[in-house]
Amino acid sequence: MSIRLYDTATREVRDFVPLEEGRVGVYVCGLTVQSEPHVGHVRSAVNFDVLRRWLTHRGFAVDFIRNVTDIDDKILTKAEVQGRPWYNLAYDMKRELDRAYAALNVLPPTYEPAATGHVPEMVALIEQLIAKGHAYAAEDGTGDVFFDVRSWPGYGALTHQRIEDMEAAEDADPRGKRDPRDFALWKGRKSTEPETASWPSPWGPGRPGWHIECSAMAGKYLGQAFDIHGGGVDLRFPHHENELAQSRAAGHGFAAYWMHNAWITTAGEKMSKSLGNSLLIPAVLERFRGIELRYYMVAAHYRSTVEFSFEALGEAAVAFRRIEAFVERAADAVGGLPEPGIACADFVQAMDDDLGTPAAVAAIHEVVREGNKLLAGGDGPALRGNLASVLAMLDVLGLHPADPAWGEEKGDDRMAAVVEALVSGLLQQRAEARAEKDFATADAIRDRLKEAGVEITDTPDGQKWSLA
RNA sequence: GGUGGGUUGGCCGAGAGGCGAGGCAACGGACUGCAAAUCCGUGUACACGGGUUCAAAUCCCGUACCCACCUCCA
């Protein structure tokens, strides 16, 4: 069975057939680095990271490009308000973003092109569009260049809208536009804007419009035609529609599949910078581990809206710890963590079906239950295979507990040694008390340790303890 | 006005014509000195009203409510 993916353009789940056998080119719209990343941003990254990992798992060589928009109106205005250079703001936020990605075990893309590094490519593409009669330089002397929406019959194809039905943008300032829906490919420099934010072009100094960057960069790194283009649902229109129009008008095949992830909402509304209801990543990570947040995201389907709440995140964390605890116990029993093995059939089937991560997660839980039974039976080889399978599935979802991405256990070795000594001393006393059936004393010790945050469990192999 | 998406048990969250995903919580049972963990078991869920069908949470029609996009936005 092959991988099937939901394609926004055709509005159906269809078989994924790569343009070139064994190879997949994926372009995902990254962020405009104008402020700190919130949970929603990271969801998009996690969703597409899972796509990438699954494609890789299925044997494809994946070229994964995720861009960074490091120049745009907002960056300029925010930087001005903050009284610092725009490139400093963008760079700072880019580093924040990298930290957030790393905290969630989002793999670095094959390459992460920045808009400012690809102005010549964009200029070349705009020139092509002008030559083909799909773009024009405004005649008002602003230096703006617009895409001529009316010149491209396919405009609206991605989101199935007719130009006539679209509300004209109100911001316009129709300036030099022939049609209010025409969008900027190039923005002539305004006298109020810093000189550092402009580049030379045939139309005078200026900077690229938002949409053209992705067309130019996708073309540069993935070729004129590539397999999958992804991003958040809000990008369908106008961003992706515009990208598609530009690229096709320039004669490029562009993306064969369009994938869009849904929102994480808070109080029923989408989380967004402009609404000011963003839940920033560091704030969440103060309460939950990155791996738990990632599990929470992966446990829902990428096309479903997730109403974020700490309660739900807490439940997800408990569910994940169940898996994690099994991995620990099983590894203990088998004498270490085996290499990831073979994912179970249900898991594969779920993932092949438009990245059905919820069903995939359910499959993991089933295997864990089997594993827990094996654990009780002490069946070595079977348990080992079972654990290896669980690890393989977790790995595909980016949830392998031992993945170095989650970082080393932080802590002071000397302090740990002291704690170990103190706790084992108490456990020794408790064991003696229990041997003498002095349960009052035994329970008192257990309670005291629990208050200190140490959880004791009695197992056939004696007492085990862990930090609660 | 146009275009999409949604409404599932106490909660989260899948599914998309027939066998009740999975998790959390709850309640029983096994195990345990008691716990914890684990295992086994327990739920008359699919917004509302009609319809199609032998069979509908799933298809059709209608209604209500919610969300998103059409302006920067994952």
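Residues numbered from 1 in each chain as written. Chains lettered and ligands numbered in written order. Predicted model: local features only at pLDDT ≥ 70, side-chain atom pairs only at ≥ 80, totals over all residues. Heavy atoms only, no water.

**As for the packing of helix 4 (residues 119-131) against helix 5 (residues 210-222)**
Then comes step 1: Contact geometry for helix 4 and helix 5: axes closest at 9 Å, N-to-C directions at 105°. Taken as axis vectors, helix 4 and helix 5 run roughly perpendicular relative to one another. The segment helix 4 lies against helix 5, with Glu121, Met122, Leu125, Ile126 and Leu129 engaging Ile212, Glu213, Ser215, Ala216 and Lys220.
Then comes step 2: Class assignment for the residues of the contact of helix 4 with helix 5 results in six nonpolar, one polar and three charged. (Axes fitted to C-alpha atoms, helices over the stretch in contact; angles between N-to-C directions. Helix = DSSP H or I, 4+ residues; strand = E, 2+ residues; numbered from the N terminus. Parallel < 35°, antiparallel > 145°, perpendicular 65-115°, else oblique. Contact = heavy atoms within 4.5 Å. Nonpolar A, V, L, I, M, F, W, Y, C, P; charged D, E, K, R; others polar.)

**Observations regarding empty space enclosed by the protein**
Then comes step 1: Inspection of the entire model under this criterion finds one cavity of 30 Å³ or more.
Then comes step 2: Here the largest cavity is characterised by a volume of approximately 50 Å³.
Then comes step 3: The wall of the largest cavity is formed by Asn47, Val50, Met297, Val298, Ala300, Tyr302, Leu355 and Thr357.
Then comes step 4: Looking at the lining of the largest cavity, the elements that each hand over two or more residues are helix 1 (39-57) and helix 8 (290-298). (1 Å grid on protein atoms, 1.4 Å probe; cavity = no way out; pocket = protein on both sides within 12 Å on 5 of 7 lines; lining within 4 Å. Points joined across faces, edges and corners; volume = space filled by probe spheres on them.)

**As for the state of the cysteines**
Then comes step 1: Using the criterion set out here, one finds zero disulfides in the structure.
Then comes step 2: No disulfide involves Cys29; its nearest neighbouring cysteine sulfur is the one of Cys214, lying 3.8 Å away.
Then comes step 3: The exposure class of Cys29 is buried, given its relative accessible area of 8%. (Disulfide = S-S within 2.5 Å. Buried < 20%, exposed > 50% of the residue type's maximum accessible area, 1.4 Å probe, protein only.)

**Let's talk about the nonpolar core**
Then comes step 1: Counting 110 residues, the largest nonpolar core has Leu55, Ile228, Phe308 and Phe347 as its most contacted members.
Then comes step 2: The dominant element in this core, judged by the number of residues it contributes, is helix 9 (residues 310-334), at 10 residues.
Then comes step 3: There are two domains that each give this core at least three residues, and those are domain 1 (4-134 + 148-156 + 208-270) and domain 2 (308-406).
Then comes step 4: Apart from residues no more than four positions distant in its own chain, Phe308 is found in contact with Val39, Ile264, Thr265, Thr266, Met271, Leu279, Val284, Leu293, Tyr296 and Leu313.
Then comes step 5: Core analysis: the second largest hydrophobic core is formed by 14 residues, Leu222, Phe226, Leu244 and Ala255 among them. (Core = buried A, V, L, I, M, F, W, Y, C linked by side-chain atoms within 4.5 Å. Domains from an automatic or database assignment.)

**Things to note about the protein's contact with RNA strand B**
Then comes step 1: The environment of RNA strand B is formed by 60 residues, the closest being Arg11, Leu31, Trp210, Gly232 and Lys270.
Then comes step 2: For RNA strand B, the backbone portion of the atoms within 4 Å of the protein, that is sugar and phosphate, comes to 64%.
Then comes step 3: Interatomic distance of 3.2 Å between a side-chain N/O atom of His41 and a phosphate oxygen of RNA strand B.
Then comes step 4: Within the contact set of RNA strand B, a phosphate oxygen lies 3.0 Å away from a side-chain nitrogen or oxygen of Ser304.
Then comes step 5: In terms of residue count, the dominant contributor to the surface near RNA strand B is helix 11 (residues 357-377) (seven residues).
Then comes step 6: Taken together, the residues of the surface near RNA strand B sort by class into 20 nonpolar, 20 polar and 20 charged. (Near = heavy atom within 4 Å. Polar contact = N/O pair within 3.5 Å; in protein donor to acceptor, adjacent residues only side chain to side chain.)

**Thoughts on helix 12 (residues 380-396)**
Then comes step 1: Taking 1.5 Å of rise per residue, the 17 residues of helix 12 would be expected to cover 24 Å, and the 24 Å separating its terminal C-alpha atoms lies within 8% of that figure.
Then comes step 2: Of the positions making up helix 12, those classed as buried are Leu383, Asn386, Leu387, Ala388, Ser389, Val390, Leu391, Ala392, Met393, Leu394 and Val396.
Then comes step 3: Of the surrounding secondary structure, the elements contacted by the buried residues of helix 12 are helix 1, helix 9, helix 10 (345-352) and helix 11. (Expected span 1.5 Å × (residues − 1).)

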